[in-house]
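# Topology and contacts: notes
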Amino acid sequence: MIICPENHKTISIGSKAKNLFLLLEAGFQVPRFFCVDKDFQQKEVLSYLDTRFPGTASFSVRSCASLEDSGEHSFAGQFKTFLRVPGEEVPVRIREVLADGERPKTLSYCRAHHLDPDSFAMHVIIQEMIEPELSGVLFTANPQGILNETVIVCGRGSGDQIVEDKTDATTYYYHLTDNTCYYERTALSPLLSPGQVKELISLSGQIKTLFDMECDIEFAIRKQKIYLLQVRPITSIDTEAPVIILDNSNIVESYPGITLPLTQSFIREAYYQVFHHLMLRLTREPKTVEKINDTLKHMVDAVNGRIYYRISNWYDVLLFLPFRRRLIPIWQEMMGVKNRTVTSAVEGQISPVTRLKVTCSFFRLLLTCPAMMKRLEQDFQEIIRYFDSLDTTGADNAALLKFYHKLLSRTVEKWDITLVNDMYCFLFTGLLKGLLKARHVPDCELAANRAISGIRKLESMRPIEALQKLAAAAKEETVHAQLCRIDTNEAYYRYIKDNDTPFSLALQEYIREYGDRNVEELKLESKTFRTDPVLLIRCILRYTESAGDTAFTKSKESPPLTGIASFFAKRAAVGIRNREKSRLYRGRLYGLMRSLALQMGENLYARGRIAQPEDIFWLSCEEIETAEAELSLDLSGLIFARKIKYEGFSALPPFSRLIFSGKVTDKAPKRSQKMRHAPAEGSYTGTPCSPGCAEGEVLVIEQPSPGLDTKDKILIAKMTDPGWVFLIAQAKAIVSEKGSLLSHTAIISRELKKPAVVGIGHITEYLKTGDRIRVDGDTGTITLLSGHGTQNSCGKSY
């Protein structure tokens with residue numbers, strides 16, 4: 001019997017053919033085809049070929065079993081496929097495919113997968129053969145389980161060449177959230193044009209919507225036309241598995257780029273302990289907290305060497321709070337979370353009694369938050385004094401690990417109040433913005449920015465103010481000459497030893513107070529002024545070349561706030577001040593951890609177990625502890641393999657959001673190359689977060705360093721962290737891909753009176769160092785005045 005577009009709905013056929021008919025009816029480009037069952041007549045088939053496919057040179061003949069290509073069972077490799085079959089040979093090949101359905105191996109497959117052999121029925125698809133220039137497979141989701149990444153595999157010739165590894169293939173990975181794409185290829189594999197990639201991604205979305213599932217799609221490209229040959233479910237993705245969402249909003253400021261294993265293990269434990277204490281404080285129900293213990297253990301994750309919030313778990317915590325429907329959007333805005341969908345496993349599972357307790361605790365904590373932050377400051381200073389007084393000279397790693405855990409424990413048991421303070425400043429800033437908007441205040445974003453600017457005694461400003469004083473003193477001829485001769489850490493220590501001068505004492509005092517503040521300071525592996533004081537010397541010398549503050553165009557003043565708006569602004573300022581203060585303390589804590597880690601590294605190096613002391617950062621805390629018990633553990637081999645793995649991670653794009661099915665997994669990149677974005681024409685818009693306008697030369701910063709010359713430049717960055725204060729201070733303005741109104745970029749820029757715009761995706765690709773732009777911190781608009789920004793990102797053929 002012939003099964004064709006006219007009668008297929010009246011006949012039960014396998015999903016392979018059914019899906020092709022659905023594609024055809026939806027208007028997709030599908031090569032002409034029909035099906036037959038086991039009762040086909042040779043004469044009928046040949047007649048159908050003559051009348052419906054006149055002039056067709058050849059056909060593909062393949063199986064279409066009733067159980068084949070289902071969501072659970074693919075029957076991969078069980079049945080024959082014939083390509084380039086002349087019309088007169090089609091009946092012979094049909095019989096061969098039908099015979100496969102009755103072979104013992106097919107029955108064995110059914111029994112092995114608990115399928116009823118009696119429900120098995122074989123049909124055969126006969127399709128017009130397309131001789132493509134390129135063909136491949138399009139996965140609507142990465143079969144590895146990454147749901148927001150589409151994968152394209154393509155090679156020259158027909159699809160069987162790719163499946164059988166007879167041709168070199170290029171694999172494209174398209175990130176649907178960020179609209180970024182990278183590919184892996186061999187020297188001989190083909191490249192798709194940007195237009196072809198775009199069209200395939202569009203087809204992927206349409207087909208996923210049509211079938212309401214993640215699809216594995218075979219395609220062929222001939223004369224610039226894309227033909228669809230087959231659609232089936234991606235069987236490696238478990239549709240029943242929980243969805244895990246990772247997001248780098250906000251946390252990317254603290255941990256930009258690649259973060260090494262020791263830092264990963266430290267922050268994973270720190271976040272768990274802090275949130276565990278917070279939930280005990282809020283609920284006062286240990287049993288309730290125990291139920292969500294696994295959630296609290298995974299507040300952060302490391303994927304591809306980068307740090308993310310497991311944001312789905314954050315929502316589980318936030319949904320305990322009162323007025324959560326109003327609080328969560330405020331939290332999302334202040335954290336810079338762009339995707340506002342809320343996913344949770346605890347929704348509807350929190351008892352009314354627990355909610356009442358949390359509501360009472362929440363408002364009590366908000367009322368007492370400023371006072372508790374003052375107590376935290378006192379407690380933290382006591383912790384610092386205690387650990388500074390410890391003499392760890394000659395301590396073995398067992399003793400150092402005890403110090404490490406004791407420091408972590410003593411700090412995190414009270415650190416949860418900083419999370420309350422975050423919500424405190426988020427809440428009052430959000431209330432301020434909402435009130436200004438409700439009152440129809442002109443330029444309410446600008447008015448809110450101005451209202452929370454000029455915070456007195458902002459802790460994060462102290463390091464730059466002290467550095468400027470050092471730089472002013474270093475202009476004295478003798479001092480300047482001495483500093484110019486310090487080019488190593490050893491030279492610095494000799495200078496300190498040989499010079500008991502006011503300036504050398506001031507240097508030492510600076511390092512005691514602010515030695516842990518530097519770019520990427522929350523990575524234990526980062527060099528700081530404390531570990532590498534020569535960095536401070538270079539920074540001072542760079543500042544001696546400055547001639548004061550950079551001028552910029554001020555925007556018009558907003559009218560002063562009164563009444564409830566003024567109250568909200570003052571409360572927000574209190575929260576911001578305390579937030580910046582806690583960030584400075586946090587940097588000092590990491591400095592202590594860094595010192596302990598380096599000492600452990602020295603011990604392992606002295607015993608010949610690692611190649612250099614700094615290799616300690618390539619091990620997790622658990623591995624360091626294991627190494628003390630298992631002396632035969634090959635640390636050098638582990639570190640060597642890990643360095644190779646992380647080199648591959650560094651070539652991957654820094655994905656802002658990753659959505660996994662069931663479990664979080666790293667990628668295994670090989671020869672990755674990124675496709676660049678085509679920029680907007682001449683202007684870009686983001687979130688204004690520090691007012692004023694500036695024009696100047698662009699400096700795109702990929703690898704930040706405190707000694708970098710940023711004088712009179714407009715900085716373009718993916719993100720910033722607290723240590724960027726040294727770079728922003730000398731610049732005209734800053735623009736970043738990530739950030740929000742309360743990000744560190746925003747806060748420091750406002751206090752330094754530097755125009756700032758955040759949240760412009762891919763801006764580091766659109767602009768080049770040397771371009772001239774105008775930054776409008778009032779409206780969030782970036783205008784390209786001259787240069788090669790557009791040339792930097794225009795796509796060539798890929």
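Residues numbered from 1 in each chain as written. Predicted model: local features only at pLDDT ≥ 70, side-chain atom pairs only at ≥ 80, totals over all residues. Heavy atoms only, no water.

## Regarding the nonpolar core
Formed by 176 residues in total, the largest nonpolar core has its most connected members in Trp331 and Leu507. At 17 residues, the largest contribution of residues to this core is made by helix H22 (residues 563–606). Contact partners of Trp331, with chain neighbours within four places excluded, come to Ile311, Trp314, Tyr315, Leu318, Val337, Met423 and Phe426. Listed in part, the 36 residues of the second largest apolar core include Phe33, Cys64, Ile125 and Cys215. (Core = buried A, V, L, I, M, F, W, Y, C linked by side-chain atoms within 4.5 Å. Buried < 20%, exposed > 50% of the residue type's maximum accessible area, 1.4 Å probe, protein only. Helix = DSSP H or I, 4+ residues; strand = E, 2+ residues; numbered from the N terminus. Contact = heavy atoms within 4.5 Å.)

## As for helix H20 (residues 502–514)
Between its first and last C-alpha, H20 extends 18 Å over 13 residues, near the 18 Å set by a 1.5 Å rise per residue. All of the buried residues along H20 are Phe503, Ser504, Leu507, Tyr510, Ile511 and Tyr514. Down the axis of H20, the sector holding all buried residues measures 125 degrees, keeping them to one side. Elements in contact with the buried residues of H20: helix H17 (462–474), helix H18 (477–484), helix H19 (489–498), helix H21 (534–544), H22 and helix H25 (725–728). (Expected span 1.5 Å × (residues − 1). Arc of directions from axis to C-beta.)

## Some thoughts on the packing of aromatic side chains
Taken as a whole and judged by the stated rule, the model has 31 aromatic pairs. Where Phe34 meets Phe53, the ring centres are 5.9 Å apart and the plane angle is 45 degrees; that geometry is what we call tilted. Residue Phe34 is found in strand E2 (residues 33–36), and its partner Phe53 is found in the loop between helix H2 (42–52) and strand E3 (59–65); the two are separated by 19 residues along the sequence. For Phe53, a relative accessible area of 4% corresponds to the buried category. Members of the aromatic cluster, joined through ring pairs, are Tyr271, Phe275, Tyr309, Trp314, Tyr315 and Trp331. The residue whose ring lies beneath Arg410 is Tyr386, and the NZ or CZ to ring-centre distance is 5.2 Å. (Phe/Tyr/Trp six-rings, centres within 6.5 Å; stacked < 30°, edge-to-face > 60°. Lys NZ or Arg CZ within 6 Å of the ring centre and 35° of its normal.)

## Side note on the sheet that holds strand E15 (residues 657–661)
Taken in spatial order, the four strands line up as E13-E14-E12-E15 in an open sheet, and their pairing is antiparallel. Each edge of the open sheet carries a strand with a single partner, namely strand E13 (300–303) and E15. Neighbouring strand axes in the sheet, compared pairwise and without regard to direction, differ in orientation by 35 degrees on average. Here strand E12 (residues 243–247) pairs with strand E14 (residues 306–310) via two bridges, running antiparallel. Within E14, the position partnered with Leu246 by the bridge is Arg310. (Pairing = 2+ DSSP bridges. Axes fitted to C-alpha atoms, helices over the stretch in contact; angles between N-to-C directions.)

## A closer look at the pattern of salt bridges
One pass over the structure, following the stated rule, counts 37 salt bridges. Among the salt bridges present, the one from Arg32 reaches Glu128, with a minimum N-O distance of 3.3 Å. Highlighted residues: Arg32 in the loop between helix H1 (15–25) and E2 and Glu128 in strand E5 (residues 122–128), separated in sequence by 96 residues. Relative accessible area serves as the criterion here: at 22%, Glu128 is assigned to the partly exposed category. Residues Arg588 and Asp516 are paired through a salt bridge, measuring 3.2 Å at the closest nitrogen-oxygen approach. Of the two residues, Arg588 sits in helix H22 while Asp516 sits in the loop between H20 and H21, which places them 72 residues apart along the sequence. Take Arg588 and Asp516: they sit in the same class, and that class is buried. What you see here is one network of salt bridges that share partners, running through Asp388, Asp516, Arg530 and Arg588. (Salt bridge = Lys/Arg side-chain N within 4 Å of Asp/Glu carboxyl O.)

## Considering the sheet that holds strand E16 (residues 672–675)
The strand order E11-E10-E6-E7-E8-E9-E16 describes an open sheet built from seven strands, whose pairing is antiparallel. The open sheet has two edge strands, strand E11 (225–233) and E16, and neither has a second partner. Ignoring which end each strand starts from, the neighbouring axes of this sheet average 20 degrees apart. Packed on one face of the sheet, helix H6 (residues 194–211) meets strand E6 (134–139), strand E7 (149–156), strand E8 (169–175), strand E9 (180–184), strand E10 (215–222), E11 and E16 and runs near 40 degrees to E11.

## What to know about the side chain of Ser189
On the secondary structure map, Ser189 appears in the loop between E9 and H6. Within the structure, the side chain of Ser189 is placed 2.7 Å from the side chain of Thr170, a separation counted as a polar contact. Among all residues touching Ser189, those that are not within four sequence positions of it are Arg156, Asp168, Ala169 and Thr170. (Polar contact = N/O pair within 3.5 Å; in protein donor to acceptor, adjacent residues only side chain to side chain.)

## Considering the confidence of the model for the chain
Per-chain confidence: the chain averages 88 in pLDDT, with 92% of residues scoring 70 or above. Within the chain, the element-level pLDDT minimum falls on helix H28 (residues 789–793), averaging 42, and the maximum on E14, averaging 97. Taken together, the stretch residues 790–798 has pLDDT below 50 and engages in 27 contacts with residues farther than four places along the chain or on a different chain. (pLDDT = per-residue confidence, 0-100.)

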